[in-house]
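Coordinates in review
Letter by letter, the chains look like this.
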Amino acid sequence: MMPADEPPRVEEDGLTRKMTGDRRVHREMILEVANLTMRFGGLTAVSAVSFAASRGEITAVIGPNGAGKTTLFNCITGFYRPTGGAIRLHRANELPVDLHLLPGHRIARAGVARTFQNIRLFPGMTALENLLVAQHVKLMAATGFGIGAVLGLSRYPKAERQAVELARQWLSATNLLDRADDPAGALPYGAQRRLEIARAMCTEPALLCLDEPAAGLNPRESDELARLLLEIRGQGTSLLLIEHDMGVVMRISDRVVVLDHGKLIADAAPAAVQGDPKVIAAYLGEGDEDEEAEA
Amino acid sequence: MTPAQAIRDAAIAAAVAFGLFVMLVGLRTDVGPEGGLILRQRWGQVALLCGIVFAGRLAITTLAGRRALQPSTAPGPWTARLQRAGKLLAPALLAVALVLPAIPGIGRYELDIGILVLTYIMLGWGLNIVVGLAGLLDLGYVAFYAIGAYSYALLAQYFGLSFWICLPLAGILAAFWGVLLGFPVLRLRGDYLAIVTLAFGEIIRVVLLNWTELTNGPNGISGIPRPSFFGLPFSMAGGEGTFAGFFGIEPSPSHRVIFLYYVIFALALLTNWVTLRLRRQPLGRAWEALREDEIACRALGINITTTKLTAFALGAMFGGFAGAFFATRQAFISPESFTFIESAIILAIVVLGGLGSQVGVAIAALVMIGGFEVFRGLDEWRMLVFGGAMVVIMVLRPRGLVGTRTPSIALGEKRAIGGDLVGEGRG
Ligand SMILES: Nc1ncnc2c1ncn2[C@@H]1O[C@H](COP(=O)(O)OP(=O)(O)O)[C@@H](O)[C@H]1O
Ligand SMILES: [Mg+2]
């Protein structure tokens, strides 16, 4: 599935930049967030945020803790119903879909997959089973919604073989093939993070939303993660990435959106964001809070 | 543990025992000589019980050490053995069950116990779909059992339909009520779901009790037709057109018992077969995934409401089948057979057997129901014995006899998953 001899783009920073620069000339959007507002009682966690993520790119969402990044994700993936504004998914050759109007489980079917800031696997099920549950919608249709399968009248066996094959591909892409039959809860932390990404990819999404996938990983694991995300982008899936590890963000993202106190304060290429005084101010302001929180 | 610690520990246990027994044992109301109630005080017995607890606790801590009482959910030494033996145990149990009526020395009484045990195995397997696989705590399962039983009884009484036509109808009606209850209720979680299902069980019973025109209220329905053998009734008269007459054998009351035994055996096997099959398919995996993490399921596009509803409806359907069988076996039903204690027993079978384990549920039903009947001679003491046994199992094996989960699919070899990793579901 993934060309093994593809040159790792991680190391060639300059080249990556130039390529993405070219791409942006004819960028099409995959996700459009327009005037999105999310209030919890008196607290406005996301305040009139508008931006667009381009198809085939990695769009990073950064910002200090409590900036509203996870809330933004929860709105996009249907866990919260936004107080105001719109979220639209533009898949290639399809009509745009209003995500903010869909019920939660329809959003994954529309083509948006996500991972969680606190890993949410099915710990008592094996890695392979986790990936098969991710293909539930497809498999369920193949069983004739349960009835045909019990009676043994269906095209289910073939569909299951294909599903296992897809799972196997993602297990090997995430370097988990030898742990396929181990319960997800028994895997080491880094492996659980990768498995969650593999599970999201098994829904065959057009847009993958990752909430702090590098949190808690060591530098080597972060590097592997960055490579994995570039591979996923290489296959044509667009990514929306919340990340605190600036090394990873600056290396792999094509565009960076910065939130602070629920407001969008920057939306630019990584290099431009790095030098933006507003962004620096937001992060400097957070420094003391972090120390307080840890104390 | 030092002796001083051991004594303190035993003293604490004795204090707890005192707190429990001071009211339960210490005070007793009796009918006095003039017919009024008098309060009898039994402080001697309280002291004796506290003394036993003190000595017992001291003996346990000093002789065995506290380690011996550590709870465990991991695949322990004997579950590992059971797992290995399980491959043999399940077919062995099945073979014994299959030939039971032919084993010499098995009379009518033993077969009746066998029918009872199989009924509870079937109910346990049915509830296991809801509680064990989907992780929905249902305290009102007996409602579906009652709906199945009354469906058959009423359909037979008012429309003269036969058992074999009513059996599927009873299942469908129970499933229908399952969906009807499930629809508003399944958005509740954990404790709330348990309370509402508990209430549902009671509501059904109270309706059956009070809707006298339809159900004959507390007097129940009698004269429910017995099942026929493909149209041949069992009759002591023999003669043309009866079971004995058709096969040219001596009429005997045991024919019907044996037949009923095989009917419930087949129904239980059907339940097991459907469950095992569904477990290896997307629907069953989605149930288990729901039990593990509902939010993750939603993010994967699984419709939580319909998935829960299917589990609820399917569990209810098997409860309905079992109810119809109960009605035809007893030939008489009344709301008294469908009290909360039935739900509690079925749930206890599922929990003791190990949530989600088919063999575990069968063994638990065999031990609990069969054992309960066999030890009838012990009178009230058997309650104490079984209560004690349940406490011991819950202390030592909090996840039930078979606390491990077998994966539904594997690239290589399927290895049991320890109960500590497997979710219990929160509604
Ligand atoms: N369900 C909720 N109810 C109330 N407040 C919430 C809820 N979710 C998030 N918040 C608040 O919204 C703000 C943004 O949180 P979050 O989106 O998690 O930040 P981030 O992911 O950027 O660290 C925080 O102040 C948080 O307390
Ligand atoms: Mg967050």
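Please read all numbers here as calculations on a predicted model, not as lab measurements.

**Here we look at the confidence of the model for chain B**
Residue and element names in this part refer to chain B. Mean pLDDT over chain B works out to 85, with 93% of the residues at or above the 70 mark. By mean pLDDT, helix α9 (residues 243–247) is the weakest element of chain B at 72, and helix α13 (residues 304–330) is the strongest at 94. Among the scores for the predicted complex, ipTM is 0.83 and pTM is 0.84.

**Structural notes on the packing of aromatic side chains**
Applying the stated criterion to the full structure yields 17 aromatic pairs over all chains. Judged by centre distance (5.8 Å) and plane angle (85 degrees), the rings of A:F79 and A:F116 are edge-to-face. Here A:F79 is found in the loop between α2 (69–76) and β4 (84–89), whereas its partner A:F116 is found in the loop between β6 (112–114) and α4 (127–133), with 37 residues between them in sequence. On the accessibility criterion, A:F116 (6% relative accessible area) is buried. Here the aromatic rings of B:Y261 and B:Y262 are separated by 5.5 Å at their centres, their planes lie at 80 degrees, and the arrangement is edge-to-face. Overall, the relative accessible area of 2% leaves B:Y261 in the buried class. When the ring centre of A:F116 is taken as reference, the NZ or CZ atom of A:R120 above it lies at 5.8 Å. Across the ring face of A:F122, the terminal group of A:R199 is positioned such that the distance to the ring centre comes to 4.8 Å.

**Observations concerning the environment of A:G104**
Within the secondary structure, A:G104 sits in helix α3 (residues 104–110). Measuring from C-alpha to C-alpha, the distance between A:G104 and A:T77 comes to 7.0 Å, with 27 residues separating the pair along the chain. Excluding residues within four positions of it along the chain, A:G104 makes contact with A:T77, A:G78 and B:R298.

**Some thoughts on helix α7 (residues 156–173) of chain A**
Under the 1.5 Å per step criterion, the end-to-end length of α7(A) is 25 Å for 18 residues, consistent within 8% with the ideal 26 Å. Taken together, the buried positions of α7(A) are A:Y156, A:A159, A:E160, A:A163, A:V164, A:L166, A:A167, A:W170 and A:L171. Around the axis of α7(A), the buried residues are gathered within 160 degrees of arc, so they sit on the same side. The exposed residues of α7(A) that point more than 90 degrees off its buried face are A:K158 and A:R161. The inward-facing, buried residues of α7(A) abut α4, α5 (136–142), α8 (189–201) and α9 (219–234) of chain A together with α11 (282–292) of chain B. Two residues or fewer after α7(A) comes A:N175, characterised by a positive phi angle close to 65 degrees.

**Details of the confidence of the model for chain A**
Regions with low pLDDT carry predicted coordinates that are not meant to be interpreted in detail. All names here are of chain A. Per-residue pLDDT for chain A has a mean of 84; in total, 84% of the residues score no lower than 70. Helix α1 (residues 13–25) is the least confidently modelled element of chain A, averaging 41 in pLDDT, while α4 averages 95, the highest of any element. Under a pLDDT of 50 for its full length, residues 1–26 has, in the predicted model, 35 contacts with residues more than four places off or in other chains.

What counts and what doesn't
Residues numbered from 1 in each chain as written. Chains lettered and ligands numbered in written order. Predicted model: local features only at pLDDT ≥ 70, side-chain atom pairs only at ≥ 80, totals over all residues. Heavy atoms only, no water. pLDDT = per-residue confidence, 0-100. Helix = DSSP H or I, 4+ residues; strand = E, 2+ residues; numbered from the N terminus. Phe/Tyr/Trp six-rings, centres within 6.5 Å; stacked < 30°, edge-to-face > 60°. Buried < 20%, exposed > 50% of the residue type's maximum accessible area, 1.4 Å probe, protein only. Lys NZ or Arg CZ within 6 Å of the ring centre and 35° of its normal. Contact = heavy atoms within 4.5 Å. Expected span 1.5 Å × (residues − 1). Arc of directions from axis to C-beta.

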